[in-house]
Amino acid sequence: MGDNGALMGHTLLAWHAHPDDEALLTAGTLARAAAQGHRVVLVTATDGALGMTSRGYAASLAAVRSAELADSARVLGVARVVELGYADSGLGRELRPDPPQRVRLARAPRAQVVDRLAALLREESVDVLLSYDRNGGYGHPDHRTVHEVGRAAAASAGTPRLLEVWMSPVVARVMGAGRGIRPVGAPTVVVDVREYVERKRAAIRAHRSQLAADGWWPRNNDWMTRLPRAVLERVIGTERYVQVGAPAGMPVRHDVFEGL
């Protein structure tokens, strides 16, 4: 399906673990869908309060990241942002105690999270759900939970298409925790987002707290977005997905709505 597919008016929902995941993993796809006239909805599971940042942001990181998420969504043309509000589980080997009157996503009742996402899928009559593979892309426990919840919610809501982000080991390492992670399967949807790479750059940079560091060495996200456009297009100009339940032998598609 080309740009004329915008006449069909589909709805795309991107289901992410933390603020900034949408920018790093699916921003080009979201910007492309919005530019073609489709409805784009962004749902984040956690507040991202345990994300890496400088000391200057640490005290109020959840509120900062919520504002940054809104900025990123505006850049990408997202029509609706929903924050489920679970506490960030962090990357440590041991799960921290829950904050007062909050629950960390990895500890939240799974059925509750599934029901909340499935309700949004039904409410929005979502055609395509973007989620993560069983590795959660790079092994973060919140990403793995998003994978499990995405699978169950899509089945519960009868969502026509579930696409899971296919992340190369190189991109996983850029995100900071991907050593030893191998991609799951082979991509079946490969989206050229070079036309939207400047929006993707701007969306990543909207998450200012995730660019900040106390030392002299820049964060991976920071240096990546400072690359010349021609180089950036090669690094993040293609976004890849695996379509769950795709028929054997299905040719690679180049648009998330193709065939709907």
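Everything discussed here concerns the structure shown above.
Description of the structure in this document. All figures in this text were calculated on a predicted structure; none of them were measured in a lab.

Points about helix H5 (residues 110–123)
Move 1: The end-to-end C-alpha separation of H5 is 20 Å, in line with the 20 Å expected for 14 residues at 1.5 Å each.
Move 2: Along H5, the residues that are buried comprise Val113, Val114, Leu117, Ala118, Leu120 and Leu121. Taken end-on, H5 shows its buried residues confined to a sector of 155°, consistent with a single buried face. Facing away from the buried side of H5 by over 90 degrees, the exposed positions are Ala111, Asp115 and Glu123.
Move 3: Next to the buried residues of H5 lie strand S1 (11–16), strand S2 (39–46), strand S3 (80–86), strand S4 (128–132) and helix H6 (141–157).
Move 4: Trailing H5 by a residue or two, Ser125 shows a phi angle of about 50°, which is positive.

A few points about the sheet that holds S4
Move 1: One open sheet accounts for seven strands, arranged S3-S2-S1-S4-S5-S7-S6; its pairing is mixed. Bordering the open sheet on either side are S3 and strand S6 (189–192), each of which pairs with just one other strand. Adjacent strand axes in the sheet meet at a mean angle of 25°, parallel and antiparallel pairs treated alike.
Move 2: Two elements, S4 and strand S5 (residues 161–165), share five bridges in a ladder whose sense is parallel. Across the sheet, Tyr132 pairs through a bridge with Val165, a residue of S5.
Move 3: Relative to S3, helix H4 (residues 61–76) is tilted by about 155°, and along the sheet it contacts S2 and S3.

A closer look at the pattern of salt bridges
Move 1: Inspection of the entire model under this criterion finds 18 salt bridges.
Move 2: The salt bridge involving Arg39 is made with Glu124; its shortest N-O contact spans 2.7 Å. Here Arg39 is found in strand S2, whereas its partner Glu124 is found in the loop between H5 and S4, with 85 residues between them in sequence.
Move 3: A relative accessible area of 34% places Arg39 in the partly exposed class.
Move 4: Measuring nitrogen to oxygen at the nearest pair gives 2.8 Å for the salt bridge that ties Arg229 to Glu233. One end of the pair, Arg229, and the other, Glu233, are both in helix H10 (residues 229–236), four residues apart, so they sit about a helical turn from each other.
Move 5: When its relative accessible area of 23% is taken as the criterion, Glu233 is described as partly exposed.
Move 6: Through salt bridges with shared partners, a single network forms among Arg39, Arg80, Glu123 and Glu124.

So, how was this worked out
Residues numbered from 1 in each chain as written. Predicted model: local features only at pLDDT ≥ 70, side-chain atom pairs only at ≥ 80, totals over all residues. Heavy atoms only, no water. Helix = DSSP H or I, 4+ residues; strand = E, 2+ residues; numbered from the N terminus. Expected span 1.5 Å × (residues − 1). Buried < 20%, exposed > 50% of the residue type's maximum accessible area, 1.4 Å probe, protein only. Arc of directions from axis to C-beta. Contact = heavy atoms within 4.5 Å. Pairing = 2+ DSSP bridges. Axes fitted to C-alpha atoms, helices over the stretch in contact; angles between N-to-C directions. Salt bridge = Lys/Arg side-chain N within 4 Å of Asp/Glu carboxyl O.

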